[in-house]
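Reading the structure
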Amino acid sequence: MAAVAYFQHIKEALATIFDGMAVTASHMIRKPYTIQYPDRIPVRVQDTLPFRYRGILDVDLEICTGCLACDRACPIDCIAMAIEKNAQTREIIISQFDIDMAKCMYCGLCSEPCPTGAIHHTTEFEGADYSLESLIRRFIVEPVVAYKPKKGAEPDPDVAGLLERGMKYVDEWAQPGADKPPAAQPAVPPKPGTPARIPTANRAPVKPAVATPKPADSSSAAGMRDTADNIADATLAKPPARPTSVGEHGAPEASSGAPKDATGKTGDESNEGTAPPERKNPPSS
Amino acid sequence: MTTLRTEEMTLNMGPQHPSTHGVLRFVIKADGEVMREAIPDVGYLHRSIEKIAEKVGYHGFMPYTDRVDYVCAMFTNQGWGMACEKLAGIKVPRRGEYCRVIAAEFNRIASHLLTVGLMGMDIGAMTPFLHALREREMINDLIEELCGARLTFNYMRIGGVAWDLPPGWRDKALAYLDHLDPILDEFNALFSYNKICVQRLANVASITAEEAIDYNLVGPNLRASGVKWDVRKDMPYSVYPDFDFEIPIGSGEWGTTGDAMDRYMMRIREMVQSSHILRQALAQMPEGPVLAKVVRNFKPPAGECQIRVESARGDQGWYVVSDGSSYPWRVHVRTGSFAAMGMIQKLSKGLMIADLVVLIASLDVIAPEIDR
Amino acid sequence: MNDSLVTLIGRAMFGANASHEWAVAAAIVVACVLVLFVIAVPFASIVTWVERRVWARIQSRVGPNRVGPNGFLQWLADGIKHVCKEDIIPDEADAPLFKFAPYLVVLAFILPWAVMPFSSDLILADLNIGILYMTAITALTVVGVLMAGWSSNNKWSLIGGIRSAAQIISYEIPAGLSIFPAVLMTGTLSMQGIIRAQAWEPYHWFIFANPFCFAAAVILFVSSLAENNRTPFDLPEAESELVAGFATEYSSMRYLFFFMAEWGNMFIAAAIIVTLYLGGWQVPRLGGSRAVMNLLQFIAFLIKVLALVFVSMWIRGTLPRVRIDQMMSICWKYFVPIGFIDMIGTAIWVAFFPDGNRLMELAMFALGIAIVAAFAWRVAYFTRRARMELYFHPTI
């Protein structure tokens, strides 16, 4: 009946509009979901971002091994590195490490294969600047010797702090492994968020740290001072804990000597003879 | 007796327009308010992503797949990962598959939230758009904790996923799902069941099942026309057989089957179903690794493979041809939006200009997916 | 007392010479300037700030809050920005019409202030055809909008202009029909007359006099939304379809004229409804001096009008837009028949109950209270259910 439909329309219209207005009225008395960035928030947004946040890249040159894994992994070729092998001392000298942040797409493919976590994403995202050239982060001021991971604990406390932070970053990434049937799983579940990892007990005593010229400020880049300061602040916001004595953490949980990403040999002779620092959360547990 | 001379108007709904979903152009031939046809003009967002695959290699292409459809990037990640795994015969660990499904279903909810919000905005109700985006922001926060990015995730890798679930994430995810259910009811009360919205969407541009199949529509568009086809159920992949969920089908309750209202309600119902899948997945997650061992210099044997993934926009097809080297020889993505664009010219006859906007929004066309 | 604002100002300015022609003319000018620049234009500007804040709270966000305390000077910043913009007139546009169109629309906004009853003495001119005058003037908008749409030489503007013309002309009819019940109840078209026939108690307002008047008030409200191009009837400026409709090619101050007129018309439309159905400026007789009573009446009027303007903004934040053919069908198939029924029903009612029926008034008033109570219950239901506290970002 057309008359019934007519009044049905009117009734439906009034009922649904009533409901809709009730919803909006209830929103008027709720708290707004707005973060009033950048000036009316209690903490800096950078400090609230999760640890895995893929912000602007930073490189800790003290622990960079010069393996070029990041350079090869980057799909856009925004990392430009130049290394050379010193024939006598068999050290690697890094003479150029530039990352073009304008090209970078923040995908994380470079920080995944890094053995020490030297190249990592920070929580910094405010990188806008006035010229395109200033977005190229040049980490090397004068050539440095690449880091050689030690067999035992890292003796230099600053480097140990950076290494610890780097390995914590690296530990977040998934460790490749094969599916094991449930019966073969060990009974102990992995502890989440384990604190500092220390390289394991049975290692040869270490050689004293080599005095190599290191750049005073690893993140100096022309024209990008503000961001560099912010990033420097961000990485040093939590002062790295001093490592405790070697041997505290007992036996290794994974086979030592396994490369960080089990993706086959990198074919790089820089790391032969030294084991890269180990992962804390191996796949089998 | 002279006859009045009337002309057809040719309008240009240009690439810059507040309501086309992305950079699309329509040339509209209209007789006053009623259209004769609307000819779509695509290609403004072509970035040669398929060609770039041939340059960056298998591992390096994963972030590019995010950009194919940035609103539901997890599905393109998954499609590419599955294609490479099929080429090389790699098996993803179970926990990795669960992580993939969880990330994908959260992305589906986020994408559908954006779609229903955009539908609201295109019709003129600004409020549902912001409410939907607020919910989507919460999902973005969750995924940011999981993989570090909010839009272009690059979460999956060939052989699994790149990060395991962080500690405490499960509880946050479950809390979000508890929060989402009453919000969807509220959204429906505000917008979906509103008489004006129903009048704008019902009986607009209905697509019959035969037409939908002929024109190659996929996803919620296809299911709204009554065709029961979902890749997750009909060609199951990953661990979807483990979960118990339904596939909503359009039934024309508000108008005809396959009209814009059905397509819109499909998305709302799919969000509810995704919520069910997520709860089951979070409860049933096995332990184990999340990533299989894959060599850095990935060289799958020569051959080709086809993969289908049920993305938020429909059945997304990946076709990869490998010639045995470490760079693919050809990559092709077939996306749901591309097929939907083909239907617009046919459907637009007899619609009003205001309905064209509704049509585009209900087909959930995302421009980067069309042009890649 | 039939004093009006003009005689008051004339007496204040010129004392004993107030009846001379030049004194009267000067007083008229001063009175008009006063009303326009103290109430009309500031309202049309400040309401943008209020609307954006109200809209924002509906949408779970904050709204402008930086320019001035709580963003109060945002409208000033917007106005200054618009004035500083380049005035672009398209090459092929019909320049004289293009320039003249905003003025017509603003004229339709300015003229009704002459009969706006702010209080028992504060009215510029108590015409005995007050309400008819208002209805006639608001039809001037059509000419201005059509001119704007045509002279822009832009097909989208043309569509917007024609849509708007069709809309405004169509909705004049239900609006006019809905004015009649109140006029029938009092027998006069003058604004003050209609207000004086009501009393300050809510159940003596005409909206609760009988169900026909209730329906007529609702239809008048919705029709006035349509006449002002407000959502859900904002097709002419449908942002998601036509960018800005008939005003697409306008920039800077000309653009602002259109929108100042739109927002100002909200006040006028709300004032019409308040006058006719919600008791106008009536306040309880508190026995103060005449000036104090006038002030109280003015405040009461403003509160009622602003409440209706708030409801109009609230509806804008809630409802989607109707399509042009649906809008026409709502007007001609629903509002016009119901408007006629209201008019005839009120006429019959007045024939039977010339002095009103107390029982019906109280019953309708109880119905109104029931609707408001049901609404509040529903709001509480939604607020309880949405468990927002489960998920808030740490910085909020």
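Every value quoted in this text rests on a predicted model; they were computed, and no experiment measured them. (Residues numbered from 1 in each chain as written. Chains lettered and ligands numbered in written order. Predicted model: local features only at pLDDT ≥ 70, side-chain atom pairs only at ≥ 80, totals over all residues.)

**Overview of the overall build of chain A**
As a reminder, the rule being used: Where helices and strands are cited, they refer to DSSP runs of H or I of at least four residues and of E of at least two residues respectively, numbered from the N terminus. Any residue whose C-beta has 12 or fewer other C-beta atoms within 10 Å is treated as exposed, any with 20 or more as buried, and any in between as partly exposed, C-beta atoms being built from the backbone. The contact criterion used is a C-beta to C-beta distance within 7 Å, with each C-beta placed from the backbone.
Looking only at helices and strands, chain A has five helices and six strands in total. For chain A, the α and β elements follow one another from N to C terminus as α-α-β-α-β-β-β-β-β-α-α. By the burial criterion, 35% of the 285 residues in chain A qualify as buried. Residue pairs in contact within chain A that sit at least 24 positions apart in sequence constitute 85% of those at least 6 positions apart.

**A closer look at the overall build of chain B**
The criterion, for reference: The globule rule used here is 2.2 Å times the number of residues to the 0.38 power, and the radius of gyration it is set against is calculated over C-alpha atoms.
Each helix and strand counted, chain B has 14 helices and eight strands in total. Relative to its length of 372 residues, chain B is compact, with a C-alpha radius of gyration of 21 Å against a globular reference of 21 Å. Split into buried and exposed, the 372 residues of chain B put 57% on the buried side. Residue pairs in contact within chain B that sit at least 24 positions apart in sequence constitute 71% of those at least 6 positions apart.

**Description of the interface of chain A and chain B**
Note the cut-off: Three classes are used, and their members are as follows: Ala, Val, Leu, Ile, Met, Phe, Trp, Tyr, Cys and Pro are nonpolar, Asp, Glu, Lys and Arg are charged, and the others, Gly among them, are polar.
Taken together, the 37 residues of chain A in the interface contact 38 residues of chain B. With eight residues, helix 1 (residues 2-28) of chain A is the single largest residue contributor to the side of chain A that touches chain B. Classifying every residue of the side of chain A that touches chain B by side-chain character gives 18 nonpolar, eleven polar and eight charged.

**As for the confidence of the model for chain B**
What counts here: Per residue, pLDDT measures the predictor's confidence, with a range of 0 to 100.
Across chain B, the average pLDDT comes to 90, with 99% of residues at 70 or higher. Model confidence for the complex: the whole-complex pTM is 0.85, and ipTM, which rates the interface, is 0.87.

**Brief notes about the pairing of strand 2 (residues 79-86) of chain A**
Residues and elements named next belong to chain A. The condition that has to hold: By definition, two strands form a pair when at least two bridges between them are found by DSSP.
Pairing of strand 2 with strand 3 (residues 91-100), which is carried by eight bridges, proceeds in the antiparallel orientation. In the strand pairing of strand 3, Ala82 is matched with Gln96. Counted between consecutive antiparallel strands, the loop separating strand 2 from strand 3 contains four residues, among which Arg90 sits at a positive phi close to 55°.

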